[in-house]
Amino acid sequence: GPAAARALVNAGALVLDVRTEGEFASGHLDGAKNIPVGALSGRLSEVGSDKTRPIGVYCASGMRSATATSMLKSAGYASVHDLGAMARWAV
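Only a predicted model underlies this, so the values are computations on that prediction, with no experimental measurement involved. (Residues numbered from 1 in each chain as written. Predicted model: local features only at pLDDT ≥ 70, side-chain atom pairs only at ≥ 80, totals over all residues. Heavy atoms only, no water.)

1. Looking at the nonpolar core
- The biggest cluster of nonpolar side chains holds 14 residues, and the ones touching the most others in it are Leu16, Val18, Leu40, Val47, Ile55, Val57 and Leu72.
- Contributions of two or more residues to this core are made by β1 (14-17), β3 (55-59) and α4 (63-74).
- Here the element with the most residues in this core is β3; it accounts for three residues.
- Non-local contacts of valine 57, meaning those with residues more than four positions away in its chain, are made with Leu16, Val18, Ser65, Ala68, Thr69, Leu72, Val80, His81, Asp82, Leu83 and Gly84.
- Formed by ten residues, the second largest nonpolar core is a distinct cluster that contains Leu8, Val15, Tyr58 and Leu83. (Core = buried A, V, L, I, M, F, W, Y, C linked by side-chain atoms within 4.5 Å. Buried < 20%, exposed > 50% of the residue type's maximum accessible area, 1.4 Å probe, protein only. Helix = DSSP H or I, 4+ residues; strand = E, 2+ residues; numbered from the N terminus. Contact = heavy atoms within 4.5 Å.)

2. Remarks on the side chain of aspartate 17
- Among the structural elements, aspartate 17 can be located in strand β1.
- A distance of 2.7 Å separates the side chain of aspartate 17 from the side chain of tyrosine 58, its partner in a polar contact. (Polar contact = N/O pair within 3.5 Å; in protein donor to acceptor, adjacent residues only side chain to side chain.)

Dropping the structure here:
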């Protein structure tokens, strides 16, 4: 939920927005990094080499964030949290 998401951010988590560049440009969470889910597998270096750093992933509805969370976990990232839809915790 929102409290858990904010705790992740406050603890230094990477916040990853996996929506399209256009969606990101129209508004996003402060400090979020945009890597569209379709480009994620080719841009893992941008996520970083510290596979223990917490990562919070969100999108518009929760579908793409679930896909990206699975991809990141498969790539060895140990602390990936699916935040779901941006609207759930954006204020």
